[in-house]
Amino acid sequence: MLTLINTNFSIPKFTHHITTMSYPTTVVTPPSVDEVDIVIPTIRNLDFLEQWRPFFQPYHLIIVQDSDPSINIRVPEGYDYELYNRNDIERILGPKASCISFKDGACRCFGFLVSKKKYIFTIDDDCFVAKDPSGQEINALAQHIHNLSTPSTPFFFNTLYDPYREGADFVRGYPFSLREGVTTAISHGLWLNIPDYDAPTQLVKPRERNTRYVDAVMTIPKGTLFPMCAMNLAFNRELIGPAMYFGLFGDGHPIGRYDDMWAGWCAKVTCDHLGLGVKTGLPYLSHSKASNPFVNLKKEFKGLFWQEDMIPFFQNVTLLKECTTAQECYLELSKLAKEKLVPIDSYFVKLCDAMVTWIDAWNELNPPADGAAAVRVEPFKLK
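As the structure is a prediction and not an experimental result, all values here were calculated from the model.

Engineer: Provide a residue-level description of the overall build of the protein chain, including the pertinent values.
Structural biologist: Each helix and strand in the protein chain was counted, giving 11 helices and 9 strands. Looking at the 383 residues of the protein chain, the share that counts as buried comes to 54%. Considering only contacts in the protein chain between residues 6 or more positions apart, those separated by 24 or more positions represent 76%. Of the roughly 17,700 Å² of accessible surface on the protein chain, a fraction of 54% belongs to carbon and sulfur atoms.

Engineer: Describe the pattern of salt bridges, naming the residues involved and giving the relevant values.
Structural biologist: The final tally for this structure, using the stated rule, is 14 salt bridges. A salt bridge links R86 to E90; the shortest N-O distance between them is 3.4 Å. With R86 and E90 both in helix α3 (residues 86-93) and 4 residues apart, the pair spans about one turn of that helix. Among the residues examined, E90 registers a relative accessible area of 41% and is labelled partly exposed. Residue D353 pairs with K338 through a salt bridge whose shortest N-O separation is 2.5 Å. Taken together, the residues span a long stretch of sequence, with D353 in helix α11 (residues 347-365) and K338 in helix α10 (residues 326-341) at a distance of 15 residues. The exposure class of K338 is partly exposed, given its relative accessible area of 33%.

Engineer: Mind laying out unusual backbone geometry, listing which residues take part and the relevant values?
Structural biologist: Between L282 and P283 the backbone carries a cis peptide bond, its omega angle lying at 10°. For P283, the location among the structural elements is in strand β9 (residues 277-287). You will see that Y161, though not glycine, has its phi angle at about 60°, which is positive. With respect to the helices and strands, Y161 occurs in the loop between α5 (140-149) and β6 (184-193). When its relative accessible area of 30% is taken as the criterion, Y161 is described as partly exposed. Its identity as a non-glycine residue notwithstanding, N193 has a phi of 80°, on the positive side.

Engineer: How would you summarise the packing of α10 against α11 if you had to cite specific residues and measurements?
Structural biologist: Close contact between α10 and α11 brings their axes to 8 Å; oriented N to C, the two are set at 170°. Relative to α11, the element α10 is oriented roughly antiparallel. Within the contact between the two elements, α10 uses Q327, Y330, L331, L333, S334, A337, K338 and L341 and α11 uses F348, V349, C352, D353, M355, V356, W358, I359, W362 and N363.

Engineer: Report on the pairing of strand β8 (residues 232-236), specifying residues and quantitative values.
Structural biologist: It is a general feature of regular strands that their side chains alternate between the two faces of the sheet. Most of β8 sits inside the fold, with 5 of its 5 residues counted as buried. Summarising the sheet, strand β4 (residues 119-123) and β8 pair through 5 bridges and their orientation is antiparallel. The partner of I123 across the bridge, within β8, is N232. Strand direction decides the pairing type here: β6 and β8, joined by 3 bridges, are antiparallel.

Engineer: So what's going on with α5? Residues and values would help.
Structural biologist: Within α5, 8 of the 10 residues are buried, leaving the element largely enclosed by the surrounding structure. Where α5 is concerned, the buried positions are A140, L141, A142, Q143, H144, I145, N147 and L148.

Engineer: Residues and numbers for the environment of N292, please.
Structural biologist: Relative to the helices and strands, N292 resides in the loop between β9 and α9 (293-316). Residues N292 and Q202, 90 residues apart in the sequence, show an inter-C-alpha distance of 8.7 Å. Polar side-chain contacts of N292 include one of 3.2 Å to the backbone nitrogen of V295.

Engineer: Quick rundown of the packing of aromatic side chains? Include the residues and the values.
Structural biologist: For the structure on display, the rule yields 25 aromatic pairs. An aromatic cluster is present here, built from F249, W262, W265, W306, F313, F314, Y347 and F348 joined pairwise through their rings.

Engineer: Which residues make up the pairing of β6, and what are the values?
Structural biologist: Counting buried residues along β6, 8 of its 10 residues qualify, which places the element largely inside the surrounding structure. Two strands pair when backbone bridges link them, and β6 and β9 are joined in this way by 9 bridges, in the parallel orientation. In the sheet register, L190 faces β9, and the bridge partner there is Y284.

Engineer: Report on the side chain of N158, specifying residues and quantitative values.
Structural biologist: Here N158 lies in the loop between α5 and β6. Of the residues examined, N158 reaches a relative accessible area of 1% and is grouped as buried. Among the polar contacts made by the side chain of N158, one reaches the main-chain amide nitrogen of V171 at a distance of 3.1 Å. Excluding its chain neighbours within four sequence positions, the residues that come into contact with N158 are P163, D169, F170, V171 and Y174.

Engineer: Tell me what's going on with helix α2 (residues 49-56), and back it up with residues and numbers.
Structural biologist: If you check which residues of α2 are buried, you get L49, W52, F55 and F56. What you see down the axis of α2 is that its buried residues fit within an arc of 95°, all on one side. Where α2 is buried, its residues meet β1 (36-42), β2 (60-65), β4, β5 (127-128), α5 and β9.

The rules we used
Within every chain, residues take consecutive numbers counted from 1 along the sequence as written. Only residues with pLDDT of at least 70 get local features here, since the model is predicted, and only at 80 or more are side-chain atom pairs given and counted; chain-wide, interface and lining totals rely on the full set of residues. Computation of side-chain values: all heavy atoms of the structure, hydrogens and water removed. Helical segments are the DSSP runs of H or I of at least four residues, strand segments are the runs of E of at least two, and each set is numbered from the N terminus. The buried label goes to any residue with under 20% of its type's maximum accessible area, the exposed label to any with over 50%, and the partly exposed label to all in between, with areas taken from a 1.4 Å probe on protein chains only. In what follows, a contact means two residues having at least one pair of non-hydrogen atoms within 4.5 Å. Areas reported here follow the Shrake-Rupley algorithm with a probe of radius 1.4 Å; residue values treat only the protein chains shown as occluding. Here, a salt bridge means any Lys or Arg side-chain nitrogen found within 4 Å of an Asp or Glu carboxyl oxygen. Orientation is described by axes fitted as lines to C-alpha atoms, over the contacting stretch for helices, and by angles from 0 to 180 degrees between their N-to-C directions. Comment on the angle field: the value is read as roughly parallel under 35 degrees, roughly antiparallel over 145, roughly perpendicular from 65 to 115, and oblique elsewhere. By this definition, two strands are paired if DSSP reports at least two bridges between them. Nitrogen and oxygen atoms within 3.5 Å of one another constitute a polar contact, given that in protein one can donate a hydrogen and the other can accept it, and given that sequence-neighbouring residues count only through two side-chain atoms. Between 30 and 60 degrees the pair is tilted, below 30 it is stacked and above 60 it is edge-to-face, where a pair is any two Phe, Tyr or Trp rings, Trp via its six-membered ring, whose centres lie within 6.5 Å. It is the directions from the helix axis to the C-beta atoms that the arc portrays.

Printed below as a string of structure tokens:
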């Protein structure tokens, strides 16, 4: 169990109180198969899908193979899927394939490019179905889409967390002008069992496991960044897809294991600018495999230093008011990041150029339908 700060309270009693909460169970309806693609990066056979069959089988899978293309990946029978390896990506994208990183989870973003669905749910192949405290198996996909289809409240924090949940509402003092909320673009789920730690924390807490189930969903406030983990993540592809680029953090690059965090920082800044919401909390899944902390330390080493400059950049960046699409926001971010982060290391020249290539690839594979413009969102301003 995760260590809690010592207080005068009884720790077991406190933990139990949070675990049970006071909310009634919210019934979430599985989304339409026409709305969602499930994107999975993998280096191995996808036997883990057998456990997910009751929840995933009706949906279309986009599998991105992060290993030797000559190796055949086995997918359990009965699934509707398309599988892409490095050869496929180079054939489809041509020179633009250089923006797709491999030997890390960043390759999953190719699945975001080729999907045509409104929502994306992405999951790692070492994640399994979790159970809530009552023993009920958690339909992570359904909970994510429920999060995305209900509003967020990024401009004023509600102390009962999600006010749109059954059994909750806005508390006294919450401005009525903000109670309509805003559209949710990202749903960030959590994990039981193996926590998502960096290498130094893994090394000092090798046996730590998360057994604490907190029955809550909350909106991350505007102006607040968060460490996004892609192993249990869903988003509205139409609204924020172009900003969900996982960068160059894999083979041949000086930093690894920052692909999802980079995407999270970029996407959160974009959401804040466009007045879109980001939620975190439910659903949980069970993360079963701890990666090697010594290998992770080698990948993360420069990032552990660089993040002390990267994070302040994202905390202080301001996008032009003329940026009203995720594409425009992302191109502006790439320009500003090149100005501010290249002094740290020349690697950021390559990363920021790849961000532009990503948007070129996005526009090529996702041209506006019937002459329609890209999805525009008027930047939100508080009155």
